[in-house]
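# Reading the structure
One letter stands for each residue in the lines below.
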Amino acid sequence: MTTTSMGSAPQKISLSRVLGPIHVWALGVGIVLVGEFDGWNFAADKGGALAALIVLWFCGLLYSAVAMIDSEVTSTIAAAGGQYAQAKHIVGPLMAFNVALYMVFAYTMLEVSDAILFGDAIVSKSGGDSGINHNSFVAASIIILAFLNYRGVLTNLNFNFAITAIAFLSIVILFFSVMPWSQGTVLKLNELVTPENALPYGWIGVIASFHWGIWYFLGIEGTTQAAEEVRSPARALPLGTMAGMVTLLIAATMTWYVCASLLPWQLLGSTYFPLWDAGRATQSPLLENMMFITTLLAALASANGCINDAARAWFSLGRDRYLPSWFSAVHPKYRTPYRSIIFLTPIALAFAFVADLNQAITFSILSGVLQYTFMSINIMMFRKKWPLGSIQRGYTHPLHPIPAIMLFALCMVTFFAIFLGYGVQLTAMVVFYIVVSVWFHFYRYQYVRRGAQFTMPWPKPQGY
Amino acid sequence: MWVYLTYLCWAVCVGLGGWMLFDWYKIDTTYSEDTLTSSREGEIEAVSEKHKV
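Residues numbered from 1 in each chain as written. Chains lettered and ligands numbered in written order. Predicted model: local features only at pLDDT ≥ 70, side-chain atom pairs only at ≥ 80, totals over all residues. Heavy atoms only, no water.

Along chain B, the regular secondary structure elements total three helices and zero strands. Scanning chain B from its N terminus toward the C terminus, one meets helices and strands in the order α-α-α. Taken over 53 residues, chain B has a buried fraction of 32%. (Helix = DSSP H or I, 4+ residues; strand = E, 2+ residues; numbered from the N terminus. Buried < 20%, exposed > 50% of the residue type's maximum accessible area, 1.4 Å probe, protein only.)

What follows deals with the packing of aromatic side chains. Under the counting rule described, the total for this entry stands at 39 aromatic pairs over all chains. Seen in terms of ring centroids, Tyr-150 of chain A and Trp-19 of chain B are 5.7 Å apart; in terms of plane orientation they differ by 80°. Their pairing is edge-to-face. On the criterion of chain membership, the pair formed by Tyr-150 of chain A in helix H7 (residues 135-151) and Trp-19 of chain B in helix H1 (residues 2-30) is interchain, its members lying in two chains. Put simply, the rings of Tyr-84, Phe-97, Tyr-322, Trp-439, Phe-440, Tyr-443, Tyr-445 and Tyr-447 of chain A touch in pairs and so form one group of aromatic residues. The ring of Phe-292 of chain A carries Lys-125 of chain A above its face, with NZ or CZ at 5.1 Å from the centroid. Over the aromatic face of Trp-276 of chain A sits the side chain of Arg-280 of chain A, whose NZ or CZ is 4.8 Å from the ring centroid. (Phe/Tyr/Trp six-rings, centres within 6.5 Å; stacked < 30°, edge-to-face > 60°. Lys NZ or Arg CZ within 6 Å of the ring centre and 35° of its normal.)

Within the structure shown, the criterion is met by 11 salt bridges over all chains. Glu-229 of chain A serves as the salt-bridge partner of Arg-312 of chain A, at 2.7 Å between the closest nitrogen and oxygen. Of this pair, Arg-312 of chain A sits in helix H14 (residues 285-319) while Glu-229 of chain A is found in the loop between helix H10 (202-213) and helix H11 (233-262), placing the two residues 83 residues apart along the sequence. Among the ionic pairs, Asp-28 of chain B bridges to Arg-339 of chain A, the shortest N-O distance being 3.1 Å. In this pair, Asp-28 of chain B is assigned in helix H1 and Arg-339 of chain A in helix H15 (residues 338-354), connecting two distinct chains. A relative accessible area of 25% places Asp-28 of chain B in the partly exposed class. Through salt bridges with shared partners, one network takes in Glu-72, Arg-383 and Arg-393 of chain A. (Salt bridge = Lys/Arg side-chain N within 4 Å of Asp/Glu carboxyl O.)

Leave glycine aside and you will find that most residues have negative phi; peptide bonds, for their part, are mostly trans. Residue and element names in this part refer to chain A. In the segment running from His-400 into Pro-401, the intervening peptide bond is cis, with an omega of 10°. Looking at the element boundaries, Pro-401 is found in the loop between helix H16 (357-385) and helix H17 (402-442). One non-glycine residue with positive phi stands out, namely Arg-321, at about 65°. Here Arg-321 lies in the loop between H14 and H15. Given a relative accessible area of 30%, Arg-321 falls into the partly exposed group.

Written out as structure tokens, the structure is:
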């Protein structure tokens, strides 16, 4: 036992190593699956139903590359902070600081989006004349999940596993309930997606759809935040992440097929609840209510994982003194980064009360894509500095450097797509990261324990 | 019914939020800062409890 009590000599308090592959799966899929219940469908608004399918395939490729690259690097650098710890060891402190901020922003904004979705779904269910707004439900979802995160990672991710599995099963049940083998019985894909309306804005619409297509899979890289809390990082992280990616590819494909076959593309592109609306379109109260409940569960699972990940990224920054070390406190009983959890909670609440759902999602996507761009460069540097055989890897991804190049190219396309619709936000966010980088370089870095921050017992990199 | 549900949500927020703040205060006044911030990256193997499977 590592906890300490008053009067005894100070002892180490660390995060608990109690998680297995299913928790890694629950963390990754839990964060992402909400994207099938809301968000991906705005791709249809940008480019039509077929564009939403095309970006599903390309984003599937992008995220398969993310999952493979992440699995290799994280199975070697198993530390809380995930990509932050990777960037610190492979690129350098300034990159690491930026990557950690990308993660905190991506997860906090995603948490905000989830909470808004949760509140809006309940308000929508209550009907127009109930006279309530979403604020109480938004606040309750954030506070309850922060409480769960505060109380311990094992119970928290067991809970996430249960609700994520139920949400995924509901997509499978909906898919088989509408008899996908028999087009025309319930589904009407050939009537709703025709050669005339499949790509209403042509190929530029497909490019623009990348902005929202990211939402099919955004957050799967969050599995790496569990690196310091899994019993066997080299096994659990690649296994949980890859299994999560397979789950999401199945869920995304089923979701597109059912929704595009039940909802006209104009409705599909504008609704906030595509799967709930698809359940309603089947005219089965059972399916409609099931999809309503699982929309709520998916939103909770995602927000829960985001609180977990954002807090660990923030905690890691404090531990290396990139931020005040006060944030690196670990709860002696629950073994969680409790100050980071509490600190980020009012920030999420503030954004959730004032932010628009589309804006929150866009800020999350932007930070996520910045992070993926870093990952493509990071793996190239990792393989160059520490070639295969020079250090022990838990997993080695195949076909290097093709996944890295593909990831970089798809990130550039996505930046362009975001620029088309949200150029001001893209510019504002880049300016923000430049300003905080200047602050870190000229002010904050003097407080960092420069030698102590590099903890991996690796040989010198090639060329140094 | 929906209005009462919103009251319940606010009550839960106050209850759980208050509990977290109380626990935070209790922990911070019980343990030293050096102990609470003693976690170091890469040292976890040396300090984790052993699990029997």
